[in-house]
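# Structure at a glance
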Amino acid sequence: MTYKETLQKLGYNLQDCGSHWRTRAIYRNGKTNTSLIIYKDSGVWKDFGLDNQAKPFNALVKETLKTNDPKILSTYLINNETVHTKPQQERIEMEKIYPESYLEKLLPMKTFYEKRGISNKTQIKFKCGYAGGGKMHRRMVFPIYDLDNQIHGFSGRSVVDYDNVPKWKHMGRKTNWIYPHHLSHNTIEEKQEVILVESIGDCMALYEVGFENVLMLAGLDISAKMISYLNTFDLNRIIIATNNDNSKEVNTGALASIKIAAKLSTVFDLSLVRINPPVCNDFGEMLECDTGMLDNFKQWYERKDKWRMDDEQFQNYIIKQINKYEQLKKSSHCKKLIKILNGS
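The structure reproduced in this document is the subject of the present report. (Residues numbered from 1 in each chain as written. Predicted model: local features only at pLDDT ≥ 70, side-chain atom pairs only at ≥ 80, totals over all residues. Heavy atoms only, no water.)

On to the overall build of the protein chain, then. Within the protein chain, the regular secondary structure consists of 14 helices and twelve strands. Against the globule reference of 20 Å for 344 residues, the protein chain gives a C-alpha radius of gyration of 23 Å, in line with a compact fold. Along the first, second and third principal axes, the C-alpha set of the protein chain runs to 70 × 50 × 35 Å. Going through the 344 residues of the protein chain one by one, you find that 49% of them count as buried. As displayed, the protein chain offers around 18,000 Å² of accessible surface, 47% of which is attributable to carbon and sulfur atoms. Charged side chains of the protein chain number 49 positive and 41 negative; the gap between the two group centres comes to 4 Å. (Helix = DSSP H or I, 4+ residues; strand = E, 2+ residues; numbered from the N terminus. Rg over C-alpha atoms; globule rule 2.2 N^0.38 Å. Buried < 20%, exposed > 50% of the residue type's maximum accessible area, 1.4 Å probe, protein only. Areas by Shrake-Rupley, 256 points an atom, 1.4 Å probe, with all protein chains shown as cover. Lys, Arg positive; Asp, Glu negative; His and termini not counted. Charge placed at Lys NZ, Arg CZ, Asp CG, Glu CD.)

To continue, consider the packing of helix α9 (residues 252–264) against helix α14 (residues 332–341). At their nearest, the axes of α9 and α14 sit 8 Å apart, and the two run at 65° to each other. Between α9 and α14, the angle falls in the class roughly perpendicular. The two elements α9 and α14 cross, and the hand of that crossing is left-handed. Taken together, the residues of α14 that come into contact with α9 (itself represented by I258, K259, A262 and K263) are H333, C334 and L337. Of the residues assigned to the contact of α9 with α14, the class counts are four nonpolar, one polar and two charged. (Axes fitted to C-alpha atoms, helices over the stretch in contact; angles between N-to-C directions. Parallel < 35°, antiparallel > 145°, perpendicular 65-115°, else oblique. Left-handed = near helix turned anticlockwise from the far one by under 90°. Contact = heavy atoms within 4.5 Å. Nonpolar A, V, L, I, M, F, W, Y, C, P; charged D, E, K, R; others polar.)

Further remarks concern the pairing of strand β7 (residues 151–158). Of all the eight residues making up β7, eight are buried; the element is thus mostly covered by neighbouring parts of the structure. With seven bridges connecting them, strand β6 (residues 139–145) and β7 associate as antiparallel partners. Of the residues in β7, the one forming a bridge with M140 is R157. Relative to strand β8 (residues 168–171), β7 runs antiparallel, the two being bridged by four bridges. Following the sheet pairing, R157 is matched in β8 by W168. (Pairing = 2+ DSSP bridges.)

It is worth spelling out the pairing of strand β3 (residues 36–39) at this point. The pairing of strand β2 (residues 20–23) with β3 spans four bridges and is antiparallel. Along β3, the bridge assignment pairs W21 with I38. Bridge count between β3 and strand β4 (residues 45–47): three bridges; the pairing is antiparallel. Paired with I38 across the two strands is W45, which belongs to β4. As consecutive antiparallel partners, β3 and β4 are separated by five residues, and within that stretch G43 has a phi angle of approximately 80°, a positive value.

Ranked by size, the top nonpolar core spans 38 residues in total, and within it L196, L215, I222, L230, L264, M309 and I318 carry the most contacts. Breaking this core down by element, the ones donating at least two residues are β9 (193–197), α8 (224–230), β11 (237–240), α9, β12 (273–275), α12 (312–324) and α14. By residue number, the principal contributor to this core is α9, which donates six residues. Beyond its immediate sequence surroundings of up to four residues, I318 is in contact with I258, I275, M309, L337 and L341. Among the nonpolar cores identified, the runner-up in size contains 33 residues, and Y130, V197, V209 and L287 belong to it. (Core = buried A, V, L, I, M, F, W, Y, C linked by side-chain atoms within 4.5 Å.)

Right, let's talk about the pattern of salt bridges for a bit. Under the defined criterion, the tally for this structure stands at ten salt bridges. Across the salt bridge formed by R28 and D47, the nearest N and O atoms sit 2.6 Å from each other. You can see R28 sitting in the loop between β2 and β3 and its partner D47 sitting in strand β4, a full 19 residues away along the chain. Since its relative accessible area comes to 0%, D47 is described here as buried. Note that K263 and D221 form a salt bridge whose closest N and O atoms lie 3.0 Å from each other. You can see K263 sitting in helix α9 and its partner D221 sitting in the loop between β10 (214–216) and α8, a full 42 residues away along the chain. (Salt bridge = Lys/Arg side-chain N within 4 Å of Asp/Glu carboxyl O.)

A few words now on unusual backbone geometry. Here Y179 and P180 are connected by a cis peptide whose omega angle stands at -5°. Within the element layout of this structure, P180 appears in the loop between β8 and α6 (181–191). Although it is not a glycine, R138 adopts a positive phi angle of roughly 65°. Mapped onto the elements, R138 comes out in the loop between β5 (129–131) and β6.

Printed below as a string of structure tokens:
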């Protein structure tokens with residue numbers, strides 16, 4: 001019996017992706033049709049929905065059948081199955097956790113964001129304050145909470161706009177951040193929709209006008225941990241809303257949105273993914289320029305399904321963009337996305 005025959009016997013509906021298959025993780029009753037990857041030559045598999053390491057084929061058989069009985073397994077396992085893995089030295093790194101008392105050192109200065117349309121109520125919700133000294137000196141500082149609601153990082157927005165001063169400064173491992181999950185989780189679950197933005201400023205601007213199903217990327221990429229977190233929801237729509245840098249020679253936000261969509265396509269169905277940049281440069285600017293009737297935000301949200309990753313015309317545009325820009329061409333995820341879009 002071959003790997004393909006065994007998988008089909010187990011009930012897996014396989015999507016042929018060249019060197020590997022994609023399928024739904026039925027062993028855990030997964031709902032995304034592409035979260036499980038299985039390599040044709042070895043049967044080695046990985047579940048992107050759980051962010052697990054690669055495992056041998058027999059482990060998938062055992063997980064699916066929920067048994068270790070050799071008599072049952074013998075009718076499914078491939079004869080003489082061998083898996084070659086390179087031993088790796090395990091490295092354990094403990095992430096630093098900060099006490100809640102650190103927030104007492106922040107000054108309750110609200111004017112910086114009030115001038116940008118962010119209310120006192122929203123600022124209190126995000127627990128931000130002004131740092132009068134230390135590593136975050138002269139910045140509006142936000143505590144970053146982990147999934148156990150402990151502070152495992154800080155993000156600071158400079159209150160001065162000098163060329164030699166970075167706008168944002170971070171403390172902690174950004175790749176572990178799922179922010180602000182402690183505020184957004186229930187709304188994302190209820191709406192079955194998430195909006196992915198670049199910065200905390202974007203998050204607050206959206207919160208200010210009622211869009212609370214938002215998560216921050218803290219830049220122009222999406223981490224494996226964020227993808228795994230998203231996969232815990234039964235989502236109907238993932239909106240990528242990186243900045244609209246159309247005033248620049250190269251729209252970095254637009255290119256980033258394509259790379260993020262490519263990464264998401266390794267786990268989620270294309271029908272779930274949308275690219276919908278802000279009407280202005282970012283959501284903070286949209287809030288500042290709004291007339292008070294929220295016209296900018298209404299216009300933005302009403303076009304949420306305009307650029308769907310499962311739309312053939314938009315797919316052709318994506319392929320052209322990947323072929324046009326070297327930074328997209330070099331991306332392994334973009335290469336895989338082109339194969340998916342071309343049906344190969």
